[in-house]
Structure formats: structure tokens, C-alpha cells
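Structure assessment
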Amino acid sequence: MSETRYALAVTVHDPEERWLARFFPALRELSPLYARRAASCTAATSRRTLAALEDAGFDVLTSPNGRVGESRRSAIRSTLADPSVEVVHYADLDRLLHWQYAFPDELRRTLALAPRSDYVALGRTERALRTHPRVQVLAETLTNAAFAALGGLDAPDTPLDLVAGSSLLTRRAAEIILSFSTEPSGGTD
């Protein structure tokens, strides 16, 4: 891995313990990639899930209202408490677990490089997208196409994946988001 010090910020909603069985060995394998880890969990998240995250070295925070935007900022804020953190990897927990199980070397290679801009959306390749359920691929492909067309970003050589649920934020970008973002929903990016 590069000399860049990464932190991991995730949001979690797991009242039925659906993700619990997938935590191990994934969370243990991810641990050395990040200097600090924080999980902002909904109040409905299972106590066993919270305990497993704590056991995996996450700073576990509870989001009383469960609003995604506020939860994301809470997790990011926690990771920046470590002054050595240079880049925050924000990821939806299900996305991160899927990536770790499907293509663990790809995740490591991604984190071996320092980002070339303050915000990097980590979209999925066609190969990665094919590992997802068909209903998810169809819904997310349509969503991405609509946003790309609306934003004038529908170039065929640079596909857009706004709903991938994973991004890199430099410390500077994370601090700007924490200072100015007030969006309560998942539209924070």
C-alpha cells in the first residue's frame, strides 16, 4: 500500500443482522488498509452487529434519526479525529463487503494510489457490475444514465456510476463537506 494514510467511514443499517455473517473474515482483512475506521449506525441496527463492528476496531456511532447524509458526515468526522489521516474512503457497508469478497486485490490496488483530486467517485467496472443481482444492475444503470444525461456527462468513454456507494475524499474535501454540507438525505455527494 502507498504511504497515504487512509481512513474508512461507513454507514450501517442492519436490524435483522443480514450483514453480520459477512463481516468475517472481511472486516479483519480490511483492517490493515485503514489507519482509522468509523461506522455510523442507525438506532435500529442490531446490538450484535454493533458489537462485531466494535470488535473489528470501528469507532461505532449511533445516528438517532437514521438520515444517510447526517450519518455519512458523522462517520467522516470521526475518522478525521486522527490527524494522520490524509484520505477518507467513504463506502456503503454492503458495497465494501461485496468488493472485498468479489475483488479484494482490486480494492488494495485502488488504495495503493493516492487520489489525483479531492473527490474521487469509485464507480464499478462492467465486470464488477455483473457480479450484482440483475434487478440492482437494471435500476442503477437507469439511475446513472438519467443523471449523466441531465448533467451532460453521458460520454460513452467515461461511464458514470453515481450510485456505487464508494468514494475517496482528501482531508481537505472532507473538511469542506463537514463545514458546508447540510443535506440530510443520501444526496450528499
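Quick note: structure is the one above.
Residues numbered from 1 in each chain as written. Predicted model: local features only at pLDDT ≥ 70, side-chain atom pairs only at ≥ 80, totals over all residues. Heavy atoms only, no water.

**Comments concerning the overall build of the protein**
- Across its full length, the protein carries 8 helices and 6 strands.
- Beginning at the N terminus, the succession of helices and strands in the protein can be written as β-α-β-α-β-α-β-α-α-β-α-α-β-α.
- The C-alpha atoms of the protein give 16 Å as radius of gyration, which agrees with the globular expectation for 189 residues (16 Å, within 12%).
- Seen along its three principal axes, the alpha-carbon backbone of the protein occupies a region of about 45 × 35 × 35 Å. (Helix = DSSP H or I, 4+ residues; strand = E, 2+ residues; numbered from the N terminus. Rg over C-alpha atoms; globule rule 2.2 N^0.38 Å.)

**Considerations on the environment of Ala-43**
- Turning to its location among the elements, Ala-43 is positioned in the loop between β2 (36-42) and α2 (47-55).
- Given a relative accessible area of 55%, Ala-43 falls into the exposed group.
- Taking the C-alpha atoms as reference, Ala-43 lies 9.8 Å from Val-12; in sequence the two are 31 residues apart.
- Excluding residues within four positions of it along the chain, Ala-43 makes contact with Thr-62, Ser-63 and Pro-64. (Buried < 20%, exposed > 50% of the residue type's maximum accessible area, 1.4 Å probe, protein only. Contact = heavy atoms within 4.5 Å.)

**Observations regarding the packing of helix α4 (residues 93-102) against helix α5 (residues 104-111)**
- Taken N-terminus to C-terminus, the directions of α4 and α5 make an angle of 110°; their axes are 5 Å apart at the nearest point. Comparing their axes, α5 and α4 come out roughly perpendicular. In contact with Leu-96, Trp-99, Gln-100, Tyr-101 and Ala-102 of α4, α5 contributes Pro-104, Glu-106, Leu-107, Arg-108 and Thr-110.
- Its residues assigned to classes, the contact of α4 with α5 shows 6 nonpolar, 2 polar and 2 charged. (Axes fitted to C-alpha atoms, helices over the stretch in contact; angles between N-to-C directions. Parallel < 35°, antiparallel > 145°, perpendicular 65-115°, else oblique. Nonpolar A, V, L, I, M, F, W, Y, C, P; charged D, E, K, R; others polar.)

**Regarding helix α8 (residues 171-180)**
- All of the buried residues along α8 are Arg-171, Ala-173 and Ala-174. End-on, the buried residues of α8 take up no more than an arc of 165°, which puts them together on one face. Exposed and facing more than 90 degrees away from the buried side of α8 are Arg-172, Ser-179 and Phe-180. (Arc of directions from axis to C-beta.)

**Focus on the packing of aromatic side chains**
- If you walk through the whole model with that rule in mind, you get 1 aromatic pair.
- Its guanidinium or amino end placed over the ring of Phe-58, Arg-37 lies 5.9 Å from that ring's centre, counting from NZ or CZ.
- Sitting above the plane of the Trp-99 ring, Arg-95 keeps its charged end 4.8 Å from the centroid. (Phe/Tyr/Trp six-rings, centres within 6.5 Å; stacked < 30°, edge-to-face > 60°. Lys NZ or Arg CZ within 6 Å of the ring centre and 35° of its normal.)

**So, the nonpolar core**
- Counting residues in hydrophobic clusters, the biggest one holds 32 residues, and the most contacted among them are Phe-23, Leu-27, Tyr-34, Leu-53, Phe-58, Leu-96 and Leu-107.
- When contributions to this core are tallied by element, the ones reaching two or more residues are β1 (6-12), α1 (26-30), β2, α2, β4 (87-92), α4 and α5.
- In this structure, Tyr-34 is in contact with Tyr-6, Ala-7, Leu-8, His-89, Leu-96, Leu-107 and Leu-111, ignoring residues within four places of it in sequence.
- Grouped together as the second largest cluster of nonpolar side chains are 12 residues, Ala-7, Ala-38, Leu-80 and Leu-169 included. (Core = buried A, V, L, I, M, F, W, Y, C linked by side-chain atoms within 4.5 Å.)

**Observations concerning the environment of Leu-107**
- For Leu-107, the location among the structural elements is in helix α5.
- Judged by relative accessible area, Leu-107 falls into the buried class, the value being 0%.
- Between the alpha carbons of Leu-107 and Leu-30 there is a distance of 9.4 Å; along the sequence they are 77 residues apart.
- When residues no more than four places from it in sequence are discounted, the contact partners of Leu-107 are Leu-30, Leu-33, Tyr-34, His-89, Leu-96, Trp-99 and Gln-100.

**Brief notes about the pattern of salt bridges**
- Within the structure shown, the criterion is met by 11 salt bridges.
- Residues Glu-17 and Arg-48 are paired through a salt bridge, measuring 3.0 Å at the closest nitrogen-oxygen approach. Of this pair, Glu-17 sits in the loop between β1 and α1 while Arg-48 sits in helix α2, and the two are 31 residues apart along the sequence.
- A relative accessible area of 55% means that Arg-48 is categorised as exposed.
- Notably, a salt bridge pairs Arg-171 with Glu-175, separated by 3.4 Å at the nearest N-O pair. Residue Arg-171 and its partner Glu-175 are both found in helix α8; the two are separated by 4 residues, about one turn of the helix.
- Here Glu-175 falls in the partly exposed class, since its relative accessible area comes to 38%.
- One salt-bridge network, held together by shared partners, links Arg-124, Glu-140 and Asp-161. (Salt bridge = Lys/Arg side-chain N within 4 Å of Asp/Glu carboxyl O.)

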